Amino acid sequence: MLNLAILSRGPGLYSTQSLFRAARSRGHYVRVIDHQQCSIVVEQGVPQVLYEGGRLVGMDAVIPRIGTSVTDYGAAVIRQFELMGVYTATRSEALIIARDKLKCLQKLSAEHIAVPRTVIAGMPEAVPRLIDLLGGTPIVVKMLESTHGVGVVLVESRSTALSLVEAFTKLGQPVILQEFIAEAAGADVRAFVVGKRVVAAMLRQASEGEFRSNLHRGATATPAVLTPQEEKIVLESARLMGLDIAGVDILRSKRGPLVMEVNASPGLEGIETATKVDIAGAIIENIEKGVERFSKGRKW
Ligand SMILES: Nc1ncnc2c1ncn2[C@@H]1O[C@H](COP(=O)(O)OP(=O)(O)O)[C@@H](O)[C@H]1O
Ligand SMILES: [Mg+2]
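What counts and how
- Residues numbered from 1 in each chain as written.
- Chains lettered and ligands numbered in written order.
- Predicted model: local features only at pLDDT ≥ 70, side-chain atom pairs only at ≥ 80, totals over all residues.
- Helix = DSSP H or I, 4+ residues; strand = E, 2+ residues; numbered from the N terminus.
- Rg over C-alpha atoms; globule rule 2.2 N^0.38 Å.
- Buried ≥ 20, exposed ≤ 12 C-beta atoms within 10 Å, placed from the backbone.
- Contact = placed C-beta atoms within 7 Å.
- Near = placed C-beta within 6 Å.
- Axes fitted to C-alpha atoms, helices over the stretch in contact; angles between N-to-C directions.
- Left-handed = near helix turned anticlockwise from the far one by under 90°.
- Nonpolar A, V, L, I, M, F, W, Y, C, P; charged D, E, K, R; others polar.
- Pairing = 2+ DSSP bridges.
- Domains from an automatic or database assignment.
- Parallel < 35°, antiparallel > 145°, perpendicular 65-115°, else oblique.

**Looking at the overall build of the chain**
Looking only at helices and strands, one finds 9 helices and 16 strands in the chain. Relative to the globule expectation of 19 Å for 300 residues, the C-alpha radius of gyration of the chain, 20 Å, shows essentially globular dimensions. With respect to the principal axes defined by its C-alpha atoms, the chain has extents near 55 × 40 × 35 Å. The burial tally for the chain puts 40% of its 300 residues in the buried class. Intrachain contacts of the chain at a sequence separation of at least 6 include 65% that bridge at least 24 residues.

Given below as structure tokens:
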């Protein structure tokens, strides 16, 4: 039996509940801890986390479910657990890199993973030339930390692209510009990785008149079968990002599968519902193995 904590701000959320039930049913002691209510105590040689007035002790593993609005503090709390020698299902460094679309694509492309052609401008003046580099409009403009498709815009004209980049720059919000993969036709594939396996995959199809296939944008989800090539780049992407649990999103393009992003805290509701796979169970099982390896001194 393990002593587990799910780091989550929403005890009632589907993913949190699903993990909680899976942990319980496998005989573990589990509780939900709000990471924002954790205080970090930095003291020579004795890293601690305070919660509800006491020190958190005796934990075997934490399962981070950190929202995008609190990535930095969430990552700091995870790091503190790492320093305390507690196994974490998602490492703090991996979470930080995955959360930033640019960092994520930089890392993957440097390792020869196929990604949509992507550029970032240091100054709006560079935009016209960068659009040429992308092969012209339409292009996709994305905020670095967008989620649920909010902050992802399809831009048809060069002048709109320039105005958008100017506006975002003024707001201190850096954006990336990306070639638009029209042939994906509003669909993408979400592959869910646990350990070294793809445990489930779904095809998400955007609603009529929408190019973003986020379920929060009304997309529909059906089970998907990955090609061997897709499976290979999905597993490789998760590994390169240092993630044991990952939602890898792929666009099916004319030149083959392109990895669009890797989510470090992928939601369970859509994919468990669409595929009927017990993903939470697979995650807990993987944590059991991880803790065992970890306790033998083989770190992650
Ligand atoms: N370059 C692109 N070409 C075609 N469709 C895209 C492209 N980038 C994003 N999309 C669509 O928009 C959706 C949201 O983009 P994504 O980068 O995943 O942002 P978020 O993190 O907000 O979900 C994707 O799931 C995909 O359907
Ligand atoms: Mg996405």
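Still more ground to cover, so stick around.
**A short note on the site of ligand 1**
Neighbouring residues of ligand 1: 23 residues in total, closest Val140, Ser146, Ile181, Arg212 and Ser213. For the shell around ligand 1, the secondary structure elements donating two or more residues are β9 (139-147), β11 (175-179), β15 (245-253) and β16 (256-263). The leading source of residues in the shell around ligand 1 is β9, at 4 residues.

**Examining the environment of Arg197**
Its place among the elements puts Arg197 in strand β13 (residues 197-205). Given 13 C-beta atoms within a 10 Å radius, Arg197 is considered partly exposed. Considering only alpha carbons, one finds Arg197 and Ala282, 85 residues apart in sequence, at a separation of 9.9 Å.

**Focus on the packing of helix α4 (residues 101-110) against helix α7 (residues 228-241)**
To characterise two packed helices, one gives the angle between the axes of the helices and the distance between these axes. At a minimum axis separation of 10 Å, α4 and α7 run at an interaxial angle of 115°. Crossing of α4 over α7 shows right-handed handedness. Taken together, the residues of α7 that come into contact with α4 (itself represented by Cys104, Lys107 and Leu108) are Ser237, Leu240 and Met241. Along the lines of polarity and charge, the residues of the contact of α4 with α7 split into 4 nonpolar, 1 polar and 1 charged.

**Some remarks on the sheet that holds strand β14 (residues 220-223)**
Ordered in space as β14-β13-β12-β15-β16, the 5 strands form an open sheet in which the pairing is antiparallel. Where the open sheet ends on each side, the last strands, each with one partner, are β14 and β16. Taking each pair of neighbouring strands and ignoring which way they run, the sheet shows an average axis angle of 30°. The sheet contact formed by strand β12 (residues 187-194) and β15 spans 6 bridges and is antiparallel. Bridge assignment links Ala191 to a residue of β15, and that residue is Val248. Sheet strands in contact with α7 are β12, β13, β15 and β16, and its direction is about 30° off that of β16.

**Some thoughts on the domain arrangement of the chain**
For the chain, the assigned domains read domain 1 (3-90), domain 2 (97-113 + 183-264) and domain 3 (118-180). Computed from C-alpha coordinates alone, the two centres of domain 1 and domain 2 are separated by 27 Å. Contact with domain 1, which involves 4 residues of that partner, is made by 5 residues of domain 2. Among the residues making up the side of domain 1 that touches domain 2, the classes are represented as 1 nonpolar, 3 polar and no charged.

**Topic: unusual backbone geometry**
For the bond from Thr137 to Pro138, the omega torsion is -5°, close enough to zero to count as cis. With respect to the secondary-structure elements, Pro138 resides in the loop between α5 (127-133) and β9. In this model, Glu52 sits at a positive phi of 50°, which is unusual for a non-glycine residue. For Glu52, the location among the structural elements is in the loop between β4 (48-51) and β5 (54-55). The class for Glu52 is exposed, based on 9 C-beta atoms found within 10 Å. Residue His112 is not a glycine yet carries a positive backbone phi of 70°.

**Some words on the environment of Pro228**
Within the secondary structure layout, Pro228 lies in helix α7. Residues Pro228 and Val194, 34 residues apart in the sequence, show an inter-C-alpha distance of 17 Å.

**Comments concerning the packing of helix α2 (residues 71-83) against helix α3 (residues 92-99)**
It is at 8 Å that the axes of α2 and α3 come closest, and there the two elements cross at 160°. The angle between α2 and α3 places the two elements in the roughly antiparallel class. Of the residues in α3, those touching α2 at Thr71, Ala75, Ile78, Arg79 and Glu82 are Ser92, Leu95, Ile96 and Arg99. A breakdown of the residues in the contact of α2 with α3 according to their chemical character gives 4 nonpolar, 2 polar and 3 charged.

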